[in-house]
Structure formats: C-alpha cells, structure tokens
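Chain by chain, the residues run as shown.
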Amino acid sequence: MASGVTDEAELRGFRVVQQLAYECAEAVAAQLGPGVTEREAARMQREWLRRRGVRDWFHLPFAWFGDRTAFTGFRVPLQFFPTDRRLEPGMPFVLDMAPVHRGFTADIGYTGALGPNPLLERLLADLEAHRDLVLREVRKRRPLREIYEDVERLMVRQGYVNRHRAYPFGVIAHKVHRVKERRLAPQLFGFGTQALKGLASDALHGHREGWSPLWSPYRFSDHPPRPGLWAVEPHLGFRGTGAKFEELLVVTDSRDPEESAFWLDDDLPHVRRWREERAAV
Amino acid sequence: MSSRGLEGARERRVRTDGVELCVAELGDAANPTVVLLHGYPDSKEVWSEVAERLRDRFHVVLYDVRGHGRSTAPEPLRGGFTLEKLTDDFLAVADAVSPDAPVHLVGHDWGSVQGWEFVTVGRTQRRIASFTSISGPSLDHFGHWIKERMARPTPRRAAQLLGQGAKSWYVYALHTPRLPEAFWRGPLAKQWPKVLARSEKLPPGRYPTNSLPEDAAHGAWLYRDNVRARMRRPRSDAYAHVPVQLITPTGDAYLSQRLYDDLDRWAPQLVRRTLPAKHWVPRSRPDQLAAWITEFVTARHEGGESGPARLPMGTGPYAEWFAGRLVLVTGAAGGIGRATAFAFAEAGARVIAVDRDADGAARTAELARLVGAPEAWSECCDVSDGQAMEQLAAKVAAERGVVDVLVNNAGIGLAGAFLDTSVEDWRAVLDVNLWGVIHGCRTFGRQMAERGQGGHIVNTASAAAFQPSKSLSAYSTSKAAVLMLSECLRAELASRGIKVTAICPGIVNTGITGTARFVGVPEGEQRRRRLKAARLYGKRGYPPEKVAEAVLRAVVEDRAVVPVTPEAHGLRLMSRFTPRLRRGLARLDPPL
C-alpha cells in the first residue's frame, strides 16, 4: 500500500498529474461561455485529459454551475452528476476532476465565475484561511474529526455554510493512491473501479486498525492523521454561491512538524491567486 | 401665492382646451422633473408630504386635475373628463414645466388611472421617462381582467371577481345621477375627515383641503365619463412604453391586489413594491413612497434612454416587500441573526447588523452588501445595556432614519437545574434574552410609533417558551416572557400600524450551543456538554437560513406567533391540546 509515501519520485508523479489536472481546469474554464451546459463542460474536461493520456479516473469530471456550486437542494448523490444547466454571465462554476495518469491519481477542484462576481471573489479569498488551518492542525496530529469541526467553525464564523457535508459521508477529504494501470478501466457510478478498490482495501485495513480513508465528521474519523496522500476539499457555500479548492496533502510519519505534513504543490492557481492578492496589497 | 400645505411652491396657470389648470412647482427646475398626480376625491395637496421629501433632489410638479382644487372645470361637465382630455391636460402641463426633457410620472388612485392611460398611448412617447403607479389600475387592464374572469370563472377567479366587485361599491354609487353631488356638497364633506381618520388612520393635518366638496362632486364625472366605456371595450394595445414601478398597499379597501397579477404582460419593465398600508399611502407612508420614487427615478435617470442603469434593488420573492427598507437585526454576528440579516439583504433591504462581537457584525454587514443590500452597516452594542441601546437608537435615527423592521434576536443559552443556577446566572440570561428585547422595543419601537408610518418588530422567542423543561428553567422563563411581551405589544401597537411577531425556532444548528452555560457542573464537563450539544444540534441539522426565511414570511404575512421547526410546531400543539403530556415531557432528562 501507498500509506507511507515519502519517496520523492513518487511524489513527483503525483505532482505532475495534479499540475496536469489544474492545467485542464484552467484551459476548460477559459473556454466556458454563456450557454455552455454542465454536461458540455464535463465532456470538455474529459476529452482534454484523454488527449493527454489519461485512461483511468478516480472519478469522472464534474461541473457545477450557478447555485449548484453550493449544492442547493441536493438530496441524493445522483444530483452531483452534470446536468443541462447553462452557464450565464456572472454565474459561478466549479470544475472537479480526478484523473489517473501513469498510475498516479489527482483530485482537484477549481472555482471560477463567468465575468465579475464580487461575492465569489470574497469566498475564494476566504478559502485561504482553511488551507492554512488544515495544514496547521494536521501537523499537530489532532484527530481528523476535531479538525473537521474546527474547519466548520471557521466557516460559520466567516458567515458561510459547510457544503462539503453534502458529499458522500460528508467528507472534507479522502485518501488517494497509486493505482495499477490496466487495459480496461471501467467505472462504477462515475468512480474508477481501480480507485474504488484502493479505497475499499484501505477501509478494510482501517477498520481493523481504527482509522478510515474518509475524513468525515463522524466517529470513524476520530483518529490522528494517517500517513499517505489526502485529497482535501473544503467547500464553502453562501446563499446559492459555492467555492472550493481541492488538492493533495501529504502526510508522513516524520517527527519533524514541517516534514510530517505538507501540501504536495504550492504552485496552484488558487495559491498563486492569494499570493498575487497579498502582493497587490 | 402658495398653496396650502405646499410651502414655497411656485404657481402658474396653464390654459388648455377651455380649462385653466393650477400647477405648483417645487425644487430646482434643473433637476429631473417628477410630476405627482392626485386621485379622487383629492387635490394636489394630497401629495404635500411626499413633495416635501422629494423637493431637494427633484423638480417636483403637482397640478390640480380639471374640476379639482383651484383648476377650473370644463363646461359642460358631461364628456369633459374623458381620459383623452386628461391626456391633453397632462401634455400641456409637461410642455410648460419641462419642455425639453421627459418627466417622471407618479400617480395615486385616479392619478394612477390617468397615468396608465398616458403611458400606454402613443402621443405621449418621449414625454414620459418613468411611471410609478400607486393604487390605481389601468381601466383597460381592469376591463381585460374582468373579461378573462367572466369568460373562464374557475372558483378562484370567480372569488377574485366577487371580491373586487364588492370593493367597487362606490363606483356603482357614483354612477347615480345628482345624488352623489348633493351628498358630497351636503353632509359627507363635513364628515369626510373623520371618516378618513377612522377608516384609513390618517395622521391629523391640513388635509383634506376646503375644495373637497367641489373636488368630489366634479370628480364623479371621472367615473361616469370613462368607466363604462372602458369596461365594455377595453383597449387591446394598452402596453406601457416606459418602465413602471407598481406600489401596492396590501390593506387597500378599494382595490384587490389580484388586479395586478397579469400586469407583467402589459408592462414589460415592471418593478413591484408592496407595503402593508391602506389606500391613502401618500398621506400615511410618505417616507417610504419618497424613498421608492427617488430610487426608481434615479436609476432610470442615470440609465438614460437605454433603460435603468442599475438593476432594481433586491432579488427573490421578498424583494417587492423589503427593497430599500431599513432593517436592524441584533445578535447578527452569527446563527439566526446573521442568516436573517442576509435574507433581508438579499431582498434588497438596507441592513444594520448589531452585535457585541464587533468583528462578527462587521463581517455580516460586509457579506450583506455582497449579497444584495444597497447599504449595510455594523454596530457594536450589548443589547442588555439600556443606555447603550438608547445611544444606538439615537445614532441610527440620526444617520440612517427610522427602522422599518426591527429583529430582536440576540440571546444566550443556559442549561442546568434551578437550584444550581446562581443569581448572576439568572441575571445574565434575563439581561440578554428579556431585557435586550425590552430595550430594543423601547428605543426603536418608540421611534416607529413617533414616526407614525408603521413598522414591524420581530422578537426571537423559542419553542422553550411553551415547552417547560426541568433543565432549562432560566432560559425558558426568559423566552416565555419574550413571547408574552410580543403578544402584549402586538395588541398595544396595532392601533399605530406597528406589527409584532414572536418567532419560536426550535432546535436550530447555530452557535448558541458553543456559548451556552451549563450550570452545576465542573469546567471540563461543561466543555464536554457544549461539544455534545453542538454535535446533537448539528445532527438535527436544521439550518438558520430556514428560520430567516420564516422571519421574512412572518413579516409579510403579519403573523403573531411563528413556530419554525417541526418540533416547535409539535410542542406548540401539545401545549394547547395535551398539557399533561407536555408536563411529562418536561421531566425527561436532556440527552447530554
């Protein structure tokens, strides 16, 4: 299992696919215009990545427009799948994709808006505090469930609603792994079977050892961070506008706090954006 | 010579078609021109309060309709009041007071009926920039409204027809020959001010004017010359060629709100505004009218020919109620208060977020602006401090005006046995939960009453107000007091047009669990219980946004007591019908 990832070559592989996924998000976001549907946006992501050699997925690309970025009225998981909702000027959108490239998995989320949307910009700026909070607390080795609650408290203090609670099991993060490259890569409800297999085997191990590959608000997440790669996805919602980022957090069993947890890559669109904003101030 | 009630007005006479119209002007003629048109039985002085509030920003023009006030009447009267002739009058006045630029038209009652004619006929194009219609439908739209309901009288449509038919009794009466004139010139004119004061709750003043008997007698011809003709053959091309703002008072004794259901068809650029008031809003709600007219005219004016420069304030189903209104919410740094502030902001209200957590309140105000409030401010204030609340009220009145909707929401939680609750604990809970509400009602409620233009007070009580519990004695006591206070105030302030609502949310996922005090347990246990309670409330997962929605709905529907969550509804029913079961429930231990 890839539970104790410290191998620099392996991390490089994950970094490459994460960069590729964010490149895809930026390329597709640049092509979005009024009238494009969620289905079309999802297909654009899929095709862009397939052209660059992606054959397997952790999950197929999602696209959410308008108030679907805040999962308004979501009750069943099927509602996550892209619909015929059309993009309109000023509307926020979220692209979420998890390609597997040469056996390395990425899972990313990219938020943007078609034209200016001051509210969304506020939300995006406020996400930075969550990225810092998660890293700080993971380094302290606090139980994941408590970190989850701290993130939620921060969201509430900011005036927002926790929308990652709408994800299956309400997860803020989940583990990702290397997967075997097969000629056939079938999917089940939009999730790659190889990736599901990895999760299931983790869940089984975890169940025996008292941890879980899903970082949730529930008791099964009441354990310190488990070494490995976690795709962390805090998702803010505010009255029909949602914003998220998703990227890989590396957790190791090192005693050095700096080494014990770190974001896989700091050269990502949302991080660059915060840096630029700070530079502008 | 100035008109009564229109101090400093410049007067001129405009001659047209054998009559002489008395036209009054206020304000700088270089500003955009707003023409205020009166109804029946009125003269231009009905607008005096509104005109006073508009004169600094606009060139305000008022004129007496022919046969009314100090304008002369046509000879003969019959046939002299047709909408065609009234259109001639309007064009003559518009050409005289604003020859170069189109005017912004505002009409009340028959002024609005005329206004609809003006904005739907071709010859006034480029003479009118916008139209604000208050309590006066287009006779043509009205005619179609009746015809459609006669043609397909479903139960609902038949009821609408009968309802409006009953409200129109005076229209039939005015068609009687001579009798109405005699009646108006005789006893009715003398009684009319009293009738208005009693049925419309108009504030005393120099209205109506002395010309009332002649206004009313001549004005009967407005009905006789137009109503039957237009009802029989309503024009099918009565489409408005300018943006229209429709202001509907909900308590109008003469016009049903349903008349405007199909209006979007006739007026493509329609903005709806609704306010809880009776028919004579230019007298009873001048502040609100002036604010809405200013906003609408300014938006239209800045946009020029191409349409409004800014989008109308507010979005969603409540925008027509709350756009531009001033709303103050206490305890607005989180939970229900914050969600309520956002809901009002989204509807276009101007929001004041009050909390003792200054940063949280500032954050609420900031997000309120982003979500649609034209203006939002934050104030740091402890509601339990009477003096601070008085200072806050004085400051708000001076800087922002009188609050239209006050939400006394700030509250704290306290749980534990009565015998473990210290005097300080009691004081803390009552100070915030009860005295906070009292101070809010005392200070801001007084301002509302003194303004005399209505308002709404919402107090956050709780389901604990009607469900006793062995571990919530202090909290439940404070909330039960708030509930009773609200009911008493509702009775007391009803005569002043101020509504009071008590909201009883139930178990809602807010931060109250994080700050609640559990008495009679050590510090560590306290923390554990807070966490447990927070998780429990989180599991229940009832979002504060739904409570906020209930607050807005309660204000719109003027409800007295509003339980929100299903459990709150259940407990309320239980308190009414199964009091013994409720007492049994009170003895259960809370699951903490």
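Bear in mind the structure is a predicted one, so any value in this text is a computation, not a measurement.

S.K.: Give a detailed account of the environment of Ala216 of chain B, specifying residues and quantitative values.
M.R.: Residue and element names in this part refer to chain B. You can see Ala216 is positioned in helix α8 (residues 212–232). Given 23 C-beta atoms within 10 Å, Ala216 falls into the buried group. In sequence terms Ala216 and Asp287 are 71 residues apart; their C-alpha atoms lie 27 Å from each other. Leave out the neighbours within four places in its chain, and Ala216 touches Pro41, Trp184 and Ala189.

S.K.: An account of the interface of chain A and chain B is requested, with residue identities and associated values reported.
M.R.: Contact with chain A, which involves 7 residues of that partner, is made by 10 residues of chain B. Of all the secondary structure elements, the ones that give two or more residues to the side of chain A that touches chain B are α3 (118–139) and α4 (144–158) of chain A. Of all the elements, α3 of chain A adds the most residues to the side of chain A that touches chain B, at 3 residues. Classifying every residue of the side of chain A that touches chain B by side-chain character gives 3 nonpolar, 2 polar and 2 charged.

S.K.: If you had to explain the packing of helix α1 (residues 8–31) of chain A against helix α2 (residues 38–51) of chain A to someone new, which residues and values would you point to?
M.R.: All names here are of chain A. Contact geometry of α1 with α2 gives a least axis separation of 10 Å together with a crossing angle of 135 degrees. Here α2 runs oblique to α1, going by the angle between their axes. In this structure, the crossing between α1 and α2 has a hand that is right-handed. Here Cys24, Ala27, Val28 and Gln31 of α1 lie close against α2, whose contacting residues are Ala41, Met44, Gln45, Trp48 and Leu49. For the contact of α1 with α2, a count of residues per class yields 7 nonpolar, 2 polar and no charged.

S.K.: Please set out the domain arrangement of chain B residue by residue, giving values where relevant.
M.R.: Residue and element names in this part refer to chain B. For chain B, the assigned domains are domain 1 (10–306) and domain 2 (319–586). For domain 1 versus domain 2, the separation of C-alpha centres amounts to 41 Å. Listed as interface residues are 14 residues of domain 1 and, on the opposing side, 9 residues of domain 2. Every element with two or more residues in the side of domain 1 that touches domain 2 is listed here: β8 (270–275) and α11 (286–303). Of all the elements, α11 adds the most residues to the side of domain 1 that touches domain 2, at 5 residues. Residues that form the side of domain 1 that touches domain 2 fall into these classes: 5 nonpolar, 3 polar and 6 charged.

S.K.: Any details on the UniProt feature "domain: Ketoreductase" (unreviewed entry) in chain B? Residues and values, ideally.
M.R.: Using the residue numbers shown here, the UniProt feature "domain: Ketoreductase" (unreviewed entry) corresponds to residues 325–515 of chain B. With 49% helix and 18% strand, residues 325–515 of chain B has its two end C-alpha atoms placed 32 Å apart.

S.K.: Quick one: what's the story with the confidence of the model for chain B, residue by residue and with numbers?
M.R.: Put simply, chain B has an average pLDDT of 92, and 97% of its residues get 70 or more. In the predicted complex, the global pTM is 0.91; the interface-specific ipTM is 0.89.

S.K.: Explain the nonpolar core to me, and be specific about the residues and the numbers.
M.R.: Residues and elements named next belong to chain B. Val351, Ala353, Ala368 and Ile503 are the most contacted members of the largest nonpolar core, which totals 162 residues. Residues in contact with Ile503, not counting those within four places in the same chain, are Val458, Thr460, Ala461, Val547, Ala550, Val551, Ala554, Val562 and Val564. In this structure, Tyr63, Ala129, Ala220 and Val271 belong to the second largest nonpolar core, which totals 81 residues.

S.K.: Describe the sheet that holds strand β11 (residues 235–238) of chain A, with residues and values.
M.R.: All names here are of chain A. Here we have 3 strands laid out as an open sheet, ordered β5-β11-β12, and antiparallel in their pairing. Unpaired on one side and paired on the other, β5 (161–162) and β12 (241–244) mark the two borders of the sheet. Pairing between β5 and β11: 2 bridges, direction antiparallel. Of the residues in β11, the one forming a bridge with Asn162 is Leu236. Contacts from α3 reach β11 and β12, with the element oriented near 30 degrees to β12.

S.K.: Tell me about the sheet that holds strand β11 (residues 376–380) of chain B, residues and numbers included.
M.R.: Hydrogen bonding along the main chain pairs the strands of a sheet, whether they run parallel or antiparallel. Residues and elements named next belong to chain B. Ordered by their spatial adjacency, 7 strands build an open sheet running β11-β10-β9-β12-β14-β15-β17, and the pairing between neighbours is parallel. Bordering the open sheet on either side are β11 and β17 (561–563), each of which pairs with just one other strand. Between one strand and the next, the sheet's axes are offset by a mean angle of 15 degrees, whatever the strand orientation. Sheet topology places strand β10 (residues 350–355) next to β11; 5 bridges connect them, and they run parallel.

S.K.: Go over the pairing of β11 of chain A, please, and point to the residues and values.
M.R.: Residues and elements named next belong to chain A. The side-chain alternation of β11 yields two buried faces, one formed by His235 and Gly237 and the other by Leu236 and Phe238. In this sheet, β12 lies alongside β11 in antiparallel orientation, the contact comprising 4 bridges. Within the sheet, the bridge partner assigned to Gly237 lies in β12 and is Gly242. Hairpin connection between β11 and β12: a loop of 2 residues separates the two successive antiparallel strands, and Arg239 in this loop has a positive phi of roughly 45 degrees.

S.K.: Give me the lowdown on α3 of chain A, citing residues and values where you can.
M.R.: Residue and element names in this part refer to chain A. Taking 1.5 Å per residue, 22 residues should reach 32 Å; α3 reaches 33 Å between its end C-alpha atoms and fits that length. Every buried residue of α3 is listed here: Leu119, Leu120, Arg122, Leu123, Leu124, Leu127, His130, Arg131, Val134 and Val138. A positive phi of about 60 degrees marks Arg141, the residue just after α3.

Conventions used here
Here, residues in each chain are numbered from 1, in the same order as that chain's written sequence. To read the labels, note that chains go from A and ligands from 1, taken in the order they are written. Given that the model is predicted, a residue must reach a pLDDT of at least 70 before its local features are reported, and side-chain atom pairs must reach 80 or more before they are shown or counted; all residues, however, enter totals for whole chains, interfaces and linings. Elements are defined by DSSP. Helices are runs of H or I of four residues or more, strands are runs of E of two residues or more, and each kind is numbered from the N terminus. Residue burial is a threshold on neighbouring C-beta atoms within 10 Å of the residue's own C-beta, all placed from the backbone, with 20 or more meaning buried, 12 or fewer meaning exposed, and counts in between meaning partly exposed. It is the C-beta atoms, placed from the backbone, that decide contacts: two residues are in contact if theirs lie within 7 Å. Residue polarity follows a fixed list, in which Ala, Val, Leu, Ile, Met, Phe, Trp, Tyr, Cys and Pro are nonpolar, Asp, Glu, Lys and Arg are charged, and the others, Gly among them, are polar. As a rule, the C-alpha atoms of each element are fitted with a line to give its axis, helices using only the stretch in contact, and angles between N-to-C directions run from 0 to 180 degrees. Angular relationships are summarised with four words: roughly parallel below 35 degrees, roughly antiparallel beyond 145, roughly perpendicular across 65 to 115, and oblique for the angles in between. What makes a crossing left-handed is the near helix being turned counterclockwise from the far one by less than a right angle; a clockwise turn instead makes it right-handed. Where each domain starts and ends comes from a domain assignment, either automatic or drawn from a database. UniProt positions are given in the numbering used here, feature names are shortened, and annotations may be inferred rather than shown by experiment. Scored from 0 to 100, pLDDT reflects the predictor's confidence in each residue. The term nonpolar core refers to a set of buried Ala, Val, Leu, Ile, Met, Phe, Trp, Tyr and Cys residues connected through C-beta atoms within 7 Å. A strand pair is defined by DSSP finding two or more bridges across the two strands. Expected span of a helix: the number of residues minus one, times 1.5 Å.

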